[in-house]
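Structural description and commentary
The chain contents come next:
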Amino acid sequence: MNTAATLYELNAHPLIGHAAAGRKPSAPLETSIRRLNSFLAPFQWRGQISEWGVPAGSVARLLPAIVGKALNLECLWISDQSSAQIYPNTWTGLGFNLNNLHFLQDPTPLASLRTVVTENTFPFLIVDCKHRLQKSDLHFLAQHCRQQGSTLFLFRHFYLSNKNGNPFSQQRLNSSYNMARQSFQLSKIKGPGRNKHLHLKLSEVLCG
C-alpha cells in the first residue's frame, strides 16, 4: 500500500471539520455547546491522548467530532476499517470544513502511522482502530504527542470501563446515544471531573 498516495488522495472526510495548519488548541475549549465546554474543562488537549469509547457507526461519534472541529487543527484520521463510509454533504451541512482533513485507511494503521508521522507533522491525530493496540503502540503514540505537542483522539470500538485502565491516556470518555430519547450521554472515566456524566439533547447538539 502506498501510504503517501493514499494520504493525499483521501484529503476530505466528514468526521472532523475545520482545521487550520499552525494553529494551537485553545484553552479552555470552545465548541458551540456551552455545557459541553464546561464538562470538558479544564483538560489541556495539546500533547495529550484523549481516549473515546465510541462504537463504529454510532451517532454518538458526533460529540468527539464537534470537539475535534473546535480544536481547529490540521488533522490526520487513520482507520483500519475498509467499510468506513463518507457523507460529505451531511457534515458540511453541520458546519464542518473538510478541506484540511486527511483520511488514511490501512489494515495495519500503526505501522503506517509510524512512517507518516516521521515524514509529516500533524498537530491533530485520530487513531480509529477496531483491533487491539499493543503497549508498544500506545507508548509510541504517547511519546509522539509529548514531543510534537500533538493532540490525539484514540477511538475505541467498545465502551470503556474503570476495570481496564490505560496509563497512556490522560482522559477517557464514553459517548453513547439513546435513540428513543434522542439524547447523548458523555461519561468521564478518567481525567478532570472523573465519574461525571453529561446529557445532551440531539437538538442541543445540532443547534448549539
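Residue positions are counted from 1 within each chain, in the order its sequence is given. Two thresholds apply to this predicted model, a pLDDT of at least 70 for residue-level local features and 80 or more for giving and counting side-chain atom pairs, whereas whole-chain, interface and lining totals are computed over all residues. Side-chain metrics rest on all non-hydrogen atoms present in the structure, leaving aside hydrogens and water.

1. Re the confidence of the model for the protein chain
As a per-residue measure, pLDDT reflects the predictor's confidence and takes values from 0 up to 100. In this model, the protein chain carries a mean pLDDT of 80, and residues with pLDDT of at least 70 account for 84%. The contact rule is simple, with two residues in contact once any of their heavy atoms fall within 4.5 Å. This model gives residues 1-26 a pLDDT under 50, and the stretch forms 82 contacts once residues within four places in sequence are excluded.

2. Focus on the packing of helix α5 (residues 109-119) against helix α6 (residues 135-148)
Remark: α5 packs on α6, axes separated minimally by 11 Å, with the N-to-C direction vectors making an angle of 25°. Considering their axes alone, α5 and α6 lie roughly parallel with respect to each other. The two elements α5 and α6 cross, and the hand of that crossing is left-handed. Contacts between α5 and α6 involve Leu 110, Leu 113, Arg 114 and Val 117 from the first element and Ser 136, Asp 137, Phe 140, Leu 141 and His 144 from the second. Residue type decides the class: Asp, Glu, Lys and Arg count as charged, Ala, Val, Leu, Ile, Met, Phe, Trp, Tyr, Cys and Pro as nonpolar, and the leftover types, Gly among them, as polar. By residue class, the composition of the contact of α5 with α6 is five nonpolar, two polar and two charged. Angles here are taken between N-to-C directions and fall from 0 to 180 degrees, while the axes themselves are lines fitted to C-alpha atoms, restricted in helices to the stretch in contact. A run of H or I in DSSP counts as a helix once it spans at least four residues, and a run of E counts as a strand once it spans at least two, with each numbered from the N terminus. Working rule for angles: under 35 degrees goes down as roughly parallel, over 145 as roughly antiparallel, 65 to 115 as roughly perpendicular, anything else as oblique. If you view the pair so one helix is near and one far, a crossing is left-handed when the near helix is turned anticlockwise from the far one by less than a right angle, and right-handed when it is turned clockwise.

3. Notes on unusual backbone geometry
In this structure, Pro 42 follows Ala 41 across a cis peptide bond, with omega equal to 0°. Within the secondary structure, Pro 42 sits in the loop between α2 (34-40) and β1 (49-53). Positioned with a positive phi, Asn 72 is a non-glycine residue whose angle comes to about 60°. Tracing the chain through its elements places Asn 72 in the loop between α3 (62-71) and β2 (75-79). One non-glycine residue, Asn 195, lies in positive phi territory at about 75°. Along the chain, Asn 195 falls in the loop between β7 (183-190) and β8 (197-201). Classification of residues uses two cut-offs on accessible area relative to the type maximum, computed with a 1.4 Å probe and protein chains only: under 20% is buried, over 50% is exposed, and between them is partly exposed. With a relative accessible area of 46%, Asn 195 lands in the partly exposed category.

4. Observations regarding the packing of aromatic side chains
By convention, a stacked pair of Phe, Tyr or Trp rings (six-membered ring in the case of Trp) has centres within 6.5 Å and planes under 30 degrees apart, an edge-to-face pair has planes over 60 apart, and any other such pair is tilted. For the coordinates displayed, the defined rule picks out six aromatic pairs. Aromatic pair Trp 52 and Phe 153: ring centres 5.4 Å apart, planes at 50°, arrangement tilted. One end of the pair, Trp 52, is in strand β1; the other, Phe 153, is in strand β5 (residues 151-156), and 101 residues separate them in sequence. Phe 153 matches Trp 52 in its accessibility class, with the two residues each being buried. For the pair Phe 124 and Phe 153, a centre-to-centre distance of 4.9 Å together with 80° between the ring planes defines the contact as edge-to-face. Of the two residues, Phe 124 is situated in strand β4 (residues 124-128) and Phe 153 in strand β5; the sequence distance between them amounts to 29 residues. Side by side, Phe 124 and Phe 153 carry an identical accessibility label, which is buried. Aromatic rings pair up to connect Phe 43, Trp 45, Trp 52, Phe 124, Phe 153 and Phe 155 into one cluster.

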